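This is what each chain is made of:
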Amino acid sequence: DAGVTQSPTHLIKTRGQQVTLRCSPKSGHDTVSWYQQALGQGPQFIFQYYEEEERQRGNFPDRFSGHQFPNYSSELNVNALLLGDSALYLCASSLPGASLYGYTFGSGTRLTVV
Amino acid sequence: TQLLEQSPQFLSIQEGENLTVYCNSSSVFSSLQWYRQEPGEGPVLLVTVVTGGEVKKLKRLTFQFGDARKDSSLHITAAQPGDTGLYLCAGAVRGGADGLTFGKGTHLIIQP
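My aim in this report is to walk through the structure given alongside it, one point at a time. The residue numbering used here restarts from 1 in each chain and proceeds along that chain's sequence as written. Each chain is given a letter, starting from A, and each ligand a number, starting from 1, according to the order in which they appear as written. Two thresholds apply to this predicted model, a pLDDT of at least 70 for residue-level local features and 80 or more for giving and counting side-chain atom pairs, whereas whole-chain, interface and lining totals are computed over all residues. To get the side-chain values, take all heavy atoms of the structure and skip hydrogens and water.

1. Here we look at the packing of aromatic side chains
- In this analysis, rings of Phe, Tyr and Trp, with Trp reduced to its six-membered ring, are considered paired at centre separations within 6.5 Å, and the interplanar angle assigns stacked below 30 degrees, edge-to-face beyond 60, and tilted for intermediate values. This model, assessed by the stated rule, comprises 9 aromatic pairs over all chains.
- Between the aromatic rings of phenylalanine 105 of chain A and tyrosine 35 of chain B, the centroid separation amounts to 5.5 Å while the plane-to-plane angle is 90°, which identifies the pairing as edge-to-face. Separated into two different chains, phenylalanine 105 of chain A in strand β10 (residues 104-105) and tyrosine 35 of chain B in strand β4 (residues 31-37) make up a pair that spans both.
- Relative accessible area decides the class of each residue, using a 1.4 Å probe on protein chains only: under 20% of the type maximum gives buried, over 50% gives exposed, and in between gives partly exposed. According to the relative accessible area criterion, phenylalanine 105 of chain A is buried, its value standing at 9%.
- Three or more aromatic residues joined by ring pairs make a cluster, and in this case those are Tyr35, Phe45 and Phe105 of chain A together with Tyr35 and Phe102 of chain B.
- The aromatic ring of tyrosine 50 of chain A is capped on one face by arginine 55 of chain A, whose charged end is 5.1 Å from the ring centroid. Helix and strand assignments come from DSSP, with helices taken as H or I runs of at least 4 residues and strands as E runs of at least 2, each series counted from the N terminus. By definition, being over a ring means that NZ of Lys or CZ of Arg is both within 6 Å of the ring centre and within 35 degrees of the ring normal.

2. Details of the interface of chain B and chain A
- On the side of chain A, 21 residues touch chain B, which itself brings 24 residues to the contact.
- Accessible area that two parts lose when put together, with a 1.4 Å probe and added across both, is what the buried area reports. Summing the contributions of chain B and of chain A, the shared interface buries around 1,600 Å²; its carbon and sulfur component is 51%.
- Any carboxyl oxygen of Asp or Glu within 4 Å of a side-chain nitrogen of Lys or Arg constitutes a salt bridge here. Taken together, the connections running from chain B to chain A amount to 0 salt bridges.
- N or O atoms closer than or at 3.5 Å make up a polar contact, with two conditions inside protein: a donor-capable atom paired with an acceptor-capable one, and, for residues adjacent in sequence, both atoms drawn from side chains. Scanning the region where chain B abuts chain A turns up 4 residue pairs in polar contact (both at pLDDT 80 or more).
- Secondary structure elements with two or more residues in the side of chain B that touches chain A: β4, β5 (44-49), β9 (85-92) and β10 (100-102) of chain B.
- Considering each element in turn, the side of chain B that touches chain A owes the most residues, 4 residues, to β4 of chain B.
- Throughout, the ten residues Ala, Val, Leu, Ile, Met, Phe, Trp, Tyr, Cys and Pro are labelled nonpolar, Asp, Glu, Lys and Arg are labelled charged, and all others, Gly among them, are labelled polar. When the residues that make up the side of chain B that touches chain A are grouped by side-chain class, the tally is 10 nonpolar, 10 polar and 4 charged. By the convention used here, residues are in contact when the closest approach between their heavy atoms is within 4.5 Å.

3. Concerning the sheet that holds strand β3 (residues 19-24) of chain A
Residue and element names in this part refer to chain A.
- Here 4 strands make up an open sheet; going across it, the order is β1-β3-β8-β7 and the pairing antiparallel. Taken across any chain shown, the strands that pair with only one partner, and hence form the sheet edges, are β1 (5-7) and β7 (64-68). Adjacent strand axes in the sheet meet at a mean angle of 20° when their direction is disregarded.
- A pair of strands is treated as paired once DSSP finds two or more bridges between them. With 3 bridges joining them, β1 and β3 adopt antiparallel strand pairing. Among the inter-strand pairings, threonine 5 is bridged to a residue of β3, identified as serine 24. Between the N-to-C directions of two axes lies an angle of 0 to 180 degrees, each axis being a line fitted to C-alpha atoms and, for a helix, fitted only over the stretch in contact.

4. Examining the side chain of glutamine 48 of chain A
- Turning to its location among the elements, glutamine 48 of chain A is positioned in strand β5 (residues 44-50).
- Of the polar contacts made by the side chain of glutamine 48 of chain A, one reaches the side chain of serine 33 of chain A; its length is 3.0 Å.

5. As for the sheet that holds strand β3 (residues 19-24) of chain B
Residue and element names in this part refer to chain B.
- Pairing within the open sheet is antiparallel, and its 5 strands lie in the order β1-β3-β8-β7-β6. Each edge of the sheet is formed by a strand with only one pairing partner; in this case those strands are β1 (5-7) and β6 (55-58). Taken pair by pair, the neighbouring strands of this sheet meet at an average axis angle of 15°, ignoring direction.
- Judged from the 4 bridges that link them, β6 and strand β7 (residues 61-65) form a sheet pairing that is antiparallel. Along β7, the bridge assignment pairs valine 55 with glutamine 64.

None of the figures reported here should be taken as evidence of function without further support.
Have a look at this one:
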């Protein structure tokens, strides 16, 4: 049973460019959340998607947007990249009731903005 | 804004020693989760605690949720080199609909 799959694993972009990261949730999971983890920090919640809609959003600017597809997979888009966007981007999938059963995280996409 | 403070930030001890990691907040959480993360990987769930005062054991790891559901601790008995990693606590409010609030983590190194 595959866990959460993220692609690409590493990415280098230039400041001002746009990037799209992809996530396939664990089989049977219908909710996808995205987190940003800066070096030496804990993950920070970006947003969560359920039934193809953004359900909740953390304290991130509108440059960060997302999408969920009917097969529950998801994309994270970041526009007008800044150097400070360099981080590990983690996708986590879950079922309703994730606060009880926990989240399954992917290995992340390491984004470097130069 | 909910904040979770973890302490210590770094801990290096010898194999066989015991240790405790703390996770504190001024906010009440509906549940608290502990994750372990290794370099280049995503966090892996260790345990979820839900009830105030709850204690859960996972082999040599003991997790406790504070009575007021504002704090938690992780105690490791007889640490082993395989316990090395980044330990993260994460709190959920509103059943997790707002996502998880993570602490900054405790970097644990167990030296043989």
